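# Results of the structural survey
Residue-level listing of the chains:
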Amino acid sequence: MRLKTSHLKEPKHRELVSCVGWTTADELYSCSDDHHIMKWNLLTSETTQVVKLPDDIYPIDLHWFPKNIGGKKQSQAESFVLTSSDGTPVYSVAWGPDSEKVLYTSGKQLIIKPLQPNAKVLQWKAHDGVILKLDWNSVNDLILSAGEDCKYKVWDSYGRLLYSSQPHDYPITSVAWAPDGELFAVGSFHTLRLCDKTGWSYALEKPNTGSIFNIAWSIDGTQIAGACGNGHVIFAHVVEQRWEWKNFEITLTKRRTMEVRNVINDAVDLLEFRDRVIKASLNYGHLVVSTSLQCYVFSTKNWNTPLIFDLKEGTVSLILQAERHFLLIDGGGIYLYSYEGRLISSPKFPGMRTDVLNAQTVSLSNDTLAIKDKADEKVIYLFEALSGKPLGDGKPLIHKTEITEIALDQKGITNERKIVFIDKNRDLYITSVKRFGKEQKIIKIGTMAHTLAWNDTSNILCGLQDTRFTVWYYPNTVYVDKDLLPKTLYEKDASEFSKNPQIVRFVGNQVTIRRADGSLIHLNISPYPAILHEYVSSSKWEDAVRLCRFVKDQTMWACLAAMAVANKDMTTAEIAYASIGDIDKVQYINSIKELPSKESRMAHILLFSGNIQDAEMLLLQAGLIYQAIQVNISLYNWDRALELAVKHKTHVDTVLGYRQKFLEDFGKKETNKRFLQYAEGLEVDWDKIKAKIEMEIAKERERAAATPAVRASVTVQR
């Protein structure tokens, strides 16, 4: 990626240009110490003088009123704010993303001041020289600063340093974020630099411009304008962006041209567009390109005949792809399209701001769309992809602390769809997108996590935790058998990736990681877990067992054990647990297989996975009251066992008998008032209790015999 720069042979301003600002993607205004405000039209290459300022006004900064807020055109769109010098040492100021804080400079200090009275002010020394320029991005919530110490720096909103550049030859006079927060530009004397959001540099240009005092990005994020010390206004647009997927590499060679290269046979295709390219995404066998007016959808099997449809708004800020459809986000809304160009849905929620959404706060799968709420960062809204309606009962997913990144898994059925997220404490959690029961089970599966990605073809998760690269071959294990989760992981030392690496993609068996210096590292993981996922999703249990025997890896057996229990195939589960030496679980599985009825077996499989309430509910619905009571007795849930016995008027003496035996074993006396109450006048006769239990078991056997025979391994068909 680089910048292609241009400026006129002769400057239009007679003095240094102090500030610039875009009104549209092709129209710019500039202010200069010559007191003139000029308008630049990039389509016609015309420059006209708009107004001459009084001689005592020297402009410093220029900000246009936003063209649209939440998709609604504003009447003030032709208004702008112009600041001038009056001797105050505040060189730069920026609004916070939530518009409730202001960031400004004071000498070498950066200061974040909330608008609420008596709120705590955050202040820190940011540079060794006077700070000349700053910017605060509303999408990624990161701060840029530039100073006379010849450095530019990246900070988070808590004042923690994320990146510091090497000293340049001259003071850094300007910095500016691209609208989507993925890039920023840096200006200095005869210097224009394009950088990634993490700080490393994509490209360096050395135009003959003097110092660049101000940088402004166009609304669509494709080009920048710089206010130059020699009276010029410099223009630059971003070219040579690259997208990769499997054997295809696509490069934006010009503003309206892409080059497609197939690295297998070195075939090259050129894609020409009517208007300039704004955003593109390459995944799942499709290239989606948005220009200023249209959207193009190419299949990797045919580059000659794209599907084309018009866009409501040209400023697409994000494209996300899933296997069956893709998502476009612009200033007006969120739109889900099929790869045939049909609008599927347009989800909305109260207070939705599309201008602050990015790939870390929006996630898409074949059936679900997840969006993190910017107003309350503990909340994730979940939508049905095909209808755009809120998922389930319409209630969002709420976490106890603020969430920083979310990701939906890509394969499987809707009822098994999982979402993972990282919160501000850097803990990694997983939960089901569908709510089963009263509460969603949100379970922590990692700590000190700072980047993650789901595989595109199977539900395998990878992430970076502190100094470890971790692959969760079957994250759903945490819902089946928590003790098994550590045995289903692959871990590798990540210190070789340097500080703050980022996972770019996880396609097939290859994970691509970008280091802090911008270089890419490709890691290959074992192909066998993905094959195991494929066998299990097709219920090919014998093939899965054969694969594990061939690979002879404990991790594979552990994954198969969890997958088998999740799919209620206890025969395979028994083989897998035996192979990893979990003998106690093998014995429990054997006891499950010997149970007389299908309902009892299903209930004990649920118990095996820790789903006590679901197991009890299943037994009660099947009319197996004693078995439901016995489950609670076995788990020492005495109050619940007694409650069920009293409610159904059966086996009260059984509960009291087991309770007495339990207390006697530990040498304790009864103190529970309910048990004391029901024990009055009720004699515990163990002969009667045993007879009743035997009768219940016999009754269950008769009932099971009357229904068609079922396999001991009750397999759920997908």
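Definitions and cut-offs
Residues numbered from 1 in each chain as written. Predicted model: local features only at pLDDT ≥ 70, side-chain atom pairs only at ≥ 80, totals over all residues. Heavy atoms only, no water. Pairing = 2+ DSSP bridges. Helix = DSSP H or I, 4+ residues; strand = E, 2+ residues; numbered from the N terminus. Axes fitted to C-alpha atoms, helices over the stretch in contact; angles between N-to-C directions. Salt bridge = Lys/Arg side-chain N within 4 Å of Asp/Glu carboxyl O. Buried < 20%, exposed > 50% of the residue type's maximum accessible area, 1.4 Å probe, protein only. Polar contact = N/O pair within 3.5 Å; in protein donor to acceptor, adjacent residues only side chain to side chain. Parallel < 35°, antiparallel > 145°, perpendicular 65-115°, else oblique. Contact = heavy atoms within 4.5 Å. Nonpolar A, V, L, I, M, F, W, Y, C, P; charged D, E, K, R; others polar. Phe/Tyr/Trp six-rings, centres within 6.5 Å; stacked < 30°, edge-to-face > 60°. Lys NZ or Arg CZ within 6 Å of the ring centre and 35° of its normal. Core = buried A, V, L, I, M, F, W, Y, C linked by side-chain atoms within 4.5 Å. Left-handed = near helix turned anticlockwise from the far one by under 90°. Disulfide = S-S within 2.5 Å. pLDDT = per-residue confidence, 0-100.

Once that is clear, we can look at the sheet that holds strand S45 (residues 449-454). Read across the open sheet, the 4 strands follow the order S45-S46-S47-S48; overall the sheet is antiparallel. Strands at the two margins of the open sheet, each flanked by one partner only, are S45 and strand S48 (489-493). Pairwise comparison of adjacent strand axes, ignoring direction, gives a mean angle of 15° for this sheet. Pairing of strand S47 (residues 468-472) with S48, which is carried by 5 bridges, proceeds in the antiparallel orientation. Across the sheet, the residue bridging to Val471 is Tyr490, located in S48.

What follows deals with the sheet that holds strand S31 (residues 294-299). If you trace the 4 strands from one edge of the open sheet to the other, you get S29-S30-S31-S32, paired in antiparallel fashion. With partners counted over all chains shown, the strands left at the sheet margins are strand S29 (277-283) and strand S32 (302-310), one partner each. Going across the sheet, the axis of each strand differs from the next one's by a mean of 20°, ignoring polarity. Bridge analysis of S29 against strand S30 (residues 286-291) gives 6 bridges, and the strand direction is antiparallel. Bridge assignment links Ser281 to a residue of S30, and that residue is Val288.

A word on the pattern of salt bridges. As enumerated under the stated definition, the model contains 35 salt bridges in all. Glu377 is paired through a salt bridge with Lys372; the nearest N and O atoms lie 3.5 Å apart. The class of Glu377 is partly exposed, set by a relative accessible area of 22%. Overall, the relative accessible area of 8% leaves Lys372 in the buried class. Here Lys585 and Asp481 are joined by a salt bridge, their closest N and O atoms 2.7 Å apart. A residue pair is termed long-range when its members are at least 10 positions apart, and Lys585 in helix H6 (residues 583-593) and Asp481 in the loop between helix H1 (477-480) and S48 qualify at 104 residues. Of the two residues examined, Lys585 and Asp481, each falls in the buried class. Connected through salt bridges with shared partners, the residues Asp481, Asp483, Lys487, Asp582 and Lys585 form a single ionic network.

Okay, the side chain of Ser174 next. Structurally, the position occupied by Ser174 is in strand S18 (residues 174-177). According to the relative accessible area criterion, Ser174 is buried, its value standing at 0%. For Ser174, the side chain forms a polar contact with the main-chain oxygen of Ile212, separated by 2.8 Å.

The next thing to look at is the packing of helix H7 (residues 598-608) against helix H8 (residues 612-621). Direction vectors running N to C along H7 and H8 enclose 170°, while the axes themselves pass 8 Å from each other. Classified by the angle between their axes, H7 and H8 sit roughly antiparallel to one another. Contacts between H7 and H8 involve Glu599, Ser600, Met602, Ala603, Leu606 and Leu607 from the first element and Ile612, Asp614, Ala615, Leu618 and Leu619 from the second. For the contact of H7 with H8, the per-class residue count stands at 8 nonpolar, 1 polar and 2 charged.

This part is about the environment of Ala176. Along the chain, Ala176 falls in strand S18. On the basis of relative accessibility, which here comes to 4%, the residue Ala176 falls in the buried class. In sequence terms Ala176 and Gly610 are 434 residues apart; their C-alpha atoms lie 52 Å from each other. Sequence-distant contacts of Ala176, that is, excluding residues within four places in its chain, are made with Asp135, Leu144, Phe184, Ala185, Ile215 and Trp217.

Further remarks concern the packing of aromatic side chains. Taken as a whole and assessed by the stated rule, the structure comprises 27 aromatic pairs. Taken together, a centroid distance of 5.7 Å and an interplanar angle of 65° make the contact between Trp40 and Phe235 edge-to-face. Within this pair, whereas Trp40 is found in strand S4 (residues 36-41), its partner Phe235 is found in strand S24 (residues 233-239), the two being separated by 195 residues in sequence. In terms of burial, Trp40 and Phe235 fall into one category: buried. Look at Tyr636 and Trp638: their rings are 6.1 Å apart centre to centre, the planes differ by 45°, and that puts the pair in the tilted class. Through pairs of rings, three or more aromatic residues link up here, namely Phe248, Phe273, Tyr296, Phe298 and Trp303. The side chain of Lys418 reaches across the aromatic face of Tyr479, ending 5.3 Å from its centre.

This part is about the nonpolar core. Phe469, Val511, Leu532, Leu560 and Tyr577 are the most contacted members of the largest nonpolar core, which has 47 residues in total. For Tyr577, the contacting residues outside a window of four places in its chain are Asp481, Leu484, Ala561, Val565, Asp582, Lys585, Val586, Ile589 and Phe608. Among the nonpolar cores identified, the runner-up in size contains 21 residues, and Leu644, Ala645, Val652 and Val655 belong to it.

The complete set of buried residues in helix H5 (residues 570-579) reads Met570, Thr572, Ala573, Glu574, Ala576 and Tyr577. Those residues of H5 hidden inside the fold are in contact with helix H3 (541-551), helix H4 (554-566), H6 and H7.

This part takes up the environment of Lys254. Checked against the element boundaries, Lys254 lands in strand S26 (residues 248-254). It is 8.8 Å that separates the C-alpha atoms of Lys254 and Val238, two residues lying 16 residues apart in sequence.

Let us now look at the packing of helix H11 (residues 652-665) against helix H13 (residues 686-706). The geometry of H11 relative to H13 is characterised by a closest axis approach of 10 Å and an angle of 120° between their N-to-C directions. Classified by the angle between their axes, H11 and H13 sit oblique to one another. Our pair here, H11 against H13, has a crossing hand that is left-handed. On the side of H11, the interface is formed by Asp653, Thr654, Gly657, Tyr658 and Lys661, while H13 contributes Trp686, Ile689, Lys692 and Ile693. When its residues are assigned to classes, the contact of H11 with H13 shows 4 nonpolar, 2 polar and 3 charged.

Moving on, we come to the pairing of strand S33 (residues 318-321). Every second residue of S33 is oriented toward a common face, with Leu318 and Leu320 on one face and Ile319 and Gln321 on the other, all of them buried. Connecting S33 to the next strand, strand S34 (residues 325-330), in antiparallel fashion are 3 residues.

Okay, the state of the cysteines next. The tally for this structure, following the rule as stated, stands at 0 disulfides. For the unlinked cysteine Cys195, the closest cysteine sulfur is that of Cys150, found at 15 Å. No disulfide involves Cys462; its sulfur sits 15 Å from that of Cys559, the nearest cysteine.

Let us look at the confidence of the model for the protein. For the protein, the mean per-residue pLDDT works out to 88, and 95% of the residues sit at or above 70. Segment residues 69-76 is flagged for pLDDT under 50; beyond a separation of four residues in sequence, or across chains, it makes 11 contacts in the model. Below a pLDDT of 50 lies the segment residues 709-718, which in the model reaches 26 contacts outside its immediate sequence neighbourhood of four places, other chains included.

In terms of burial, helix H9 (residues 625-634) is a largely internal element, 9 of the 10 residues being buried. Within H9, burial applies to Ile625, Tyr626, Gln627, Ala628, Ile629, Gln630, Val631, Asn632 and Ile633. Looking at the packing, one finds that the buried side of H9 touches H7, H8, helix H10 (638-647), H11 and H13.

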